[in-house]
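Here is how the chains run, residue by residue.
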Amino acid sequence: MSAQEATAPAQEPGGRTKSSSPRQIPVVRVVTEDEDAQGSLKPMDLNRVIKLLEETDKGDLEDKQLKSVKKLMQYYQNGLPLRDLAQIFKILNLCAGKIEHQPHFIESVHNILKVCSLPFLKKKVSDEITYAEDTANSIALLGDLMKVPSSELRIQICKCIVDFYHAEPPKKHIAGYQPASSSYKIQMAEVGGLATSMVQSLAWLENQLVEKLWVLKALQHLSTSDVNCTLMMKAQAASGLCAHLTDPDPSGQLLFRSSEILWNLLEKSSKQEIIQQLSSLECLLALKEVFKNLFMRGFSHYDRQLRNDILVITTIIAQNPEAPMIECGFTRDLILFATFNEVKSQNPLVKGLKLSNSYEDFELKKLLFNIIVILCKDLPTVQLLIDGRVVLALFTYVKKPEKHKIIEWSAAQYEELQLHAIATLSSVAPLLIEDYMLCQGNARILAFLKWCESEDSFFIHGNSFHGTGGRGNKLAHMRYTLRLLRAMVSLEDETVNADLCEKRAIQQLIGIFKNTISKSNDKEEAIVLEIQSDILLISSGLCEHNIPRKVCMPVSQEWFHICKSISELKLRKRTQDIDPSRRTTPGEIEEISLCYYFPPPPPPLPPAATSIPHSMCCILGCYPLEDYFLEKEGIFLLLDLLALNQKKFCNLILGIMVEFCDNPKTAAHINAWRGKKDQTAASLLIKLWRKEEKELGVKRDKHGKIIDTKKPLFTSFQEEQNIIPLPANCPTIAVMDVAENIRAKIYAVLGKLDFENLPGLSAEDFVTLCIIHRYLDFKIGEIWNEIYEEIKLENLRPVTTDKHILEAITTASENIGKMVASLQSEIIESQARQDVQNEQKVYAKIQASHKQRELANKSWENFLARTSNAKTLKKAKRLQDKAIESSRYNGRPPNAIFHQTAIKGLNTTVPSGQVVTLESTPARLTGGPLAETDIALKKLPIRGGALQRVKAVTTADEPKKSAPK
């Protein structure tokens, strides 16, 4: 039995101590050698150690203090408990304060820091929360200890921080304790703001490379956290690191770790703030020198990766227009590096320099193309682009790949660079029109498009961002080339457009358009739609403001047929069952049906391409084309699309119809159109008006009648907005309302139809038409009302005459509203009366139907009575005979032969059948009465003069019939 077991009091099952004596005698716990070997945590009076370290009077005090600290570390050699952490770090701080005058304390501080690298220990699960504040303050003290002028201690502090992220389990198990969670130290470092003090410590280590590298290593680990990155950003870590990138460092770690930290700061903190810090001249000069050195002298895989990282960081900085990229000469060098392979240069920076086909050099080339796009947004860069002959360098890729030429890139790499270069030209070429024309840009593009359309055996891999959707074909090349051509045409430069027309660009584009329609499939629908839209936009841009080009183009008729066929195909698909698994692209096919005449702009587009003149320029204003459009039922096509009731098309189509209505032939076509259920164009437009007003929240009653005669057109938005005095050049809410909805366009179209003799309108349509007819009067009244209200708000008092005029205008506008409301009431009442009359007619038909049914029932009842009652049958027979006698003519001429029409022996009151026996017929022919009941069905020939009895003859053209019963 051990000493502990011998002296320990007995315990009851409930945990209550059971004493064997009247009083308990405290005993000292004796630790055995076995427990010591297992790593038991020994208690120690830390307050005594702190008090000893605070004393300063005794002569042999230093030895006692060192011994007490050494003993302390022996006690806590397996880890620091969270409950003792605050006192232990206070001891650490006291020891660090003595180092300057007592260097022997360095070892003690070093030992404590080593133990801090071990996981903290907790006795209870709640210790992590209970001692969180003490732990955070203690860890924050590590950053303050970086001020201690000891290289050994600074390195050990950095090692301790790095160990936070590479925590290892304790080597020995400590009885009653368990290690804190592996992320606990990291969380407490964030709470304590350790990253801020570590960034500040870099200022003290400018000339101490080894210590600086250790600090950078610690910051590299700390920067993996969003919280720490935010703290480092506030401490200006980005500018401090970037400014010292060029410091001498044989190991190369300074540049690597600094770039890694900058990457983390850009990703995990405020990107705009970091860019602002890096946009100083000092930082850009440092980045420039580093990039140049790596570009010219870096040959290892590691150097090339680092070079690309620096270029990406530079690209992000270049997005800031305030960054002095040109002032520091960085822009000129980047343009030189981007074009030296395509354009020969005598600059010593690139003399003898050559890129390999390695992945890093390939990525570098793409990054250089990308940064040119960003740099060209700054207009002062344009002259540098001209000097660097950037357009010529990029145009070297706009050509058919030469199979037999030895190039440094693989086929897939060259394809991706080719697409990237064409995309870059779309941004650069519009800024350098002179260089574009000097390089014969139009001719190069059209030749390249011809190759894209050809049946060449070359097919792209489609394994890049720009090659999306073009695998196994040349659609990706065609798409980006047309984007480039669209960007040039959108400039509206007559030199460029005239050169394109001289080179028969429109005819070539038509051929491409036709081929894309015939060869496209569902998988390529999105990219083909974009190609077709671009072709149509380019043609629209070439024809705009140039009527002779419209007239002389022999392509409009052919294109109209193409567009119409596509629209009809789409309309049929809408009425049939479509495979539900088939995905529809964002652009509907019916867009194509109008895009030659009214092309919808696919994103992204220059602002000029989205204007209405661009969308109608290929036909409007050219009377022969307008007449041809009408002749080929183009207005019917517009109205068919308008009837689809898609909001994104309504405004555009109505605007087009307003322009077309200037042609006097248009009204007849509009009135002749018929939609589903024989709907007319006027009815469709009025229906769109009601739908628009419902969406705008205009007040109407259940019959569509005006409610507020003072504000008959007010929308819910106008009701919510208060009238504010505005300058004369600013449109008011009433004026802006005209352009923001389709009501004005519907009014214009119906106005061209004169609001008279509109076919196919219901009473509800006429009620709405009353409002549309007075739209302009109501809108003028709104504007004058706004003027009057603004005068009141500005505390202005008009002269008496003006005041009377304003009041008269307001009253007249209200009277018009009342007149329209009265007219609507008359239409509604007239319709109500007409409905009553129609209802009465329906009731009369119903009554007649019931009366006829009653007569039929009564006739049937009489028939049943005659068949079931003999007396009733005899009575009916007598009445019938009496009626027959009364209907006969009594005055007979002499010698007249009387024909008996009644058949004797019949007991029936219904009319006889078609077979009748005549007494005047000779008996030798008939065989007597009723001998042959089917005599009427036989044909008897005439022999001589009298009829003879012969056998019945059946004719070939009349089948034999059986005798009636």
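Residues numbered from 1 in each chain as written. Predicted model: local features only at pLDDT ≥ 70, side-chain atom pairs only at ≥ 80, totals over all residues. Heavy atoms only, no water.

For the rest of this paragraph, the subject is the overall build of the chain. Of the regular secondary structure elements, the chain holds 46 helices and 4 strands. A total accessible area of about 53100 Å² is found for the chain, and carbon and sulfur atoms account for 54% of it. (Helix = DSSP H or I, 4+ residues; strand = E, 2+ residues; numbered from the N terminus. Areas by Shrake-Rupley, 256 points an atom, 1.4 Å probe, with all protein chains shown as cover.)

Next up on the list: the packing of helix H38 (residues 681-696) against helix H41 (residues 743-752). Running from amino to carboxyl end, H38 crosses H41 at an angle of 160 degrees, the nearest separation of the two axes being 10 Å. Considered as vectors, H38 and H41 are oriented roughly antiparallel to each other. The two elements H38 and H41 meet at a crossing, and its hand is left-handed. Together, Ala-682, Leu-685, Ile-686, Leu-688, Trp-689, Glu-692, Glu-693 and Leu-696 of H38 and Arg-743, Ile-746, Val-749 and Leu-750 of H41 make up the contact between the two elements. Grouping the amino acids of the contact of H38 with H41 by side-chain chemistry returns 9 nonpolar, no polar and 3 charged. (Axes fitted to C-alpha atoms, helices over the stretch in contact; angles between N-to-C directions. Parallel < 35°, antiparallel > 145°, perpendicular 65-115°, else oblique. Left-handed = near helix turned anticlockwise from the far one by under 90°. Contact = heavy atoms within 4.5 Å. Nonpolar A, V, L, I, M, F, W, Y, C, P; charged D, E, K, R; others polar.)

Let us look at the nonpolar core. Ile-91 and Met-198 are the most contacted members of the largest nonpolar core, which totals 165 residues. Core analysis: the next-biggest nonpolar cluster, separate from the first, contains 43 residues, Phe-660, Cys-661, Ile-670 and Trp-673 among them. (Core = buried A, V, L, I, M, F, W, Y, C linked by side-chain atoms within 4.5 Å. Buried < 20%, exposed > 50% of the residue type's maximum accessible area, 1.4 Å probe, protein only.)

With that out of the way, let us pick up helix H43 (residues 775-793). A turn of α-helix holds 3.6 residues, and therefore any two residues three or four places apart point the same way. The end-to-end C-alpha distance of H43, which contains 19 residues, comes to 27 Å, matching closely the 27 Å that a straight helix rising 1.5 Å per residue would cover. Those residues of H43 that fall on the buried side of the exposure criterion are Tyr-775, Phe-778, Lys-779, Gly-781, Glu-782, Glu-786, Tyr-788, Glu-790 and Ile-791. (Expected span 1.5 Å × (residues − 1).)

Bringing the packing of aromatic side chains into the picture now. If you walk through the whole model with that rule in mind, you get 15 aromatic pairs. Seen from their ring centres, Tyr-747 and Phe-755 are 6.0 Å apart, and the 40 degrees between their planes marks the pair as tilted. Among the aromatic residues, ring-to-ring pairing joins Phe-291, Phe-295, Phe-330, Phe-337 and Phe-340 into one connected group. Directly above the aromatic system of Phe-120 lies the positively charged group of Lys-185, at a separation of 4.5 Å from the ring centroid. The ring of Tyr-480 is capped by Arg-483, whose NZ or CZ atom sits 4.8 Å from the centre of that ring. (Phe/Tyr/Trp six-rings, centres within 6.5 Å; stacked < 30°, edge-to-face > 60°. Lys NZ or Arg CZ within 6 Å of the ring centre and 35° of its normal.)

Quick look at the environment of Ala-739 now. Topologically, Ala-739 is positioned in helix H40 (residues 733-740). Residue Ala-739 is classed as exposed on the basis of its relative accessible area, which comes to 59%.

Attention now goes to the side chain of Ser-201. Within the secondary structure, Ser-201 is located in helix H11 (residues 194-201). Under the relative-accessibility criterion, Ser-201 is labelled buried at 0%. Contact partners of Ser-201, with chain neighbours within four places excluded, come to Met-146 and Val-215.

Apart from glycine, the bulk of residues carry a negative phi angle, and the bulk of peptide bonds sit in the trans form. Located in the positive-phi region is Arg-504, a residue other than glycine, with phi close to 55 degrees. Relative to the elements of secondary structure, Arg-504 occurs in the loop between helix H27 (494-502) and helix H28 (505-519). With a phi close to 70 degrees, Asp-754 is a non-glycine residue in the positive phi region. On the secondary structure map, Asp-754 appears in the loop between H41 and helix H42 (763-773). For Asp-754, a relative accessible area of 54% translates into the label exposed.

Turning our eyes to something else, we now look at the environment of Gly-388. By the secondary structure assignment, Gly-388 is in the loop between helix H21 (381-387) and helix H22 (390-395). Using a relative accessible area of 18% as the deciding quantity, one classes Gly-388 as buried. Spatially, the C-alpha atom of Gly-388 lies 9.9 Å from that of Leu-334, the residues being 54 residues apart in sequence.

So, on to a positive patch on the surface. On the surface, Lys-871, Lys-874, Lys-875 and Arg-878 cluster together to form a positively charged patch. When you line up the elements, Lys-875 lands in helix H45 (residues 870-887). For Lys-875, a relative accessible area of 51% puts it in the exposed group. (Patch = residues over 30% accessible without salt bridge, like charges linked within 9 Å, V, L, I, M, F, W, Y side chains within 5 Å. Salt bridge = Lys/Arg side-chain N within 4 Å of Asp/Glu carboxyl O. Lys, Arg positive; Asp, Glu negative; His and termini not counted. Charge placed at Lys NZ, Arg CZ, Asp CG, Glu CD.)

Okay, the confidence of the model for the chain next. The share of residues in the chain with pLDDT of 70 or more is 78%, and the mean pLDDT across the chain is 79. Low confidence marks residues 562-615, where pLDDT is under 50. Its contacts with residues over four positions away, or in another chain, come to 107 contacts. Every residue in residues 935-965 is under pLDDT 50, and counting partners more than four places away or in other chains gives 27 contacts. (pLDDT = per-residue confidence, 0-100.)

This next bit is on a nonpolar patch on the surface. A contiguous nonpolar patch, built from Leu-776, Ile-780, Trp-784 and Ile-787 and spanning about 330 Å² of accessible area, is present on the exposed surface. Among the secondary structure elements, Trp-784 is positioned in helix H43.

Moving on to the packing of helix H8 (residues 132-144) against helix H10 (residues 184-192). The interhelical angle for the contact between H8 and H10, taken along N-to-C directions, is 75 degrees, at an axis separation of 8 Å. In terms of orientation, H8 and H10 fall into the roughly perpendicular class. Listed contacts from H10 to Ala-132, Thr-135, Ala-136, Ile-139 and Ala-140 of H8 are Tyr-184, Lys-185, Met-188, Ala-189, Val-191 and Gly-192. In terms of residue class, the contact of H8 with H10 is built from 8 nonpolar, 2 polar and 1 charged.

This part takes up the pattern of salt bridges. For the structure shown, the criterion picks out 25 salt bridges. The partner of Asp-678 in a salt bridge is Arg-674, and the shortest N-O contact between them spans 3.6 Å. Taking relative accessible area as the criterion, Asp-678 reaches 55% and is therefore assigned exposed. With a relative accessible area of 37%, Arg-674 lands in the partly exposed category. Look at the salt bridges and you will find they share partners, linking Glu-693, Arg-700, Asp-737, Arg-743, Lys-779 and Glu-782 into a network.

On to helix H19 (residues 330-339), then. Counting buried positions along H19 yields 9 of 10 residues, so the element is predominantly enclosed. Those residues of H19 that fall on the buried side of the exposure criterion are Phe-330, Thr-331, Asp-333, Leu-334, Ile-335, Leu-336, Phe-337, Ala-338 and Thr-339. Each element contacted by the buried residues of H19 is listed here: helix H17 (281-297), helix H18 (301-318), helix H20 (359-375), H21 and H22.

Further remarks concern the environment of Glu-695. Along the chain, the position of Glu-695 falls in helix H38. Owing to a relative accessible area of 46%, Glu-695 belongs among the partly exposed residues under this scheme. Separated by 21 residues in the primary sequence, Glu-695 and Ser-716 have C-alpha atoms spaced 9.3 Å apart.

So, on to the side chain of Glu-128. Along the chain, Glu-128 turns up in helix H7 (residues 127-130). Apart from residues no more than four positions distant in its own chain, Glu-128 is found in contact with Leu-82, Lys-122, Ala-180, Ser-181 and Tyr-184.

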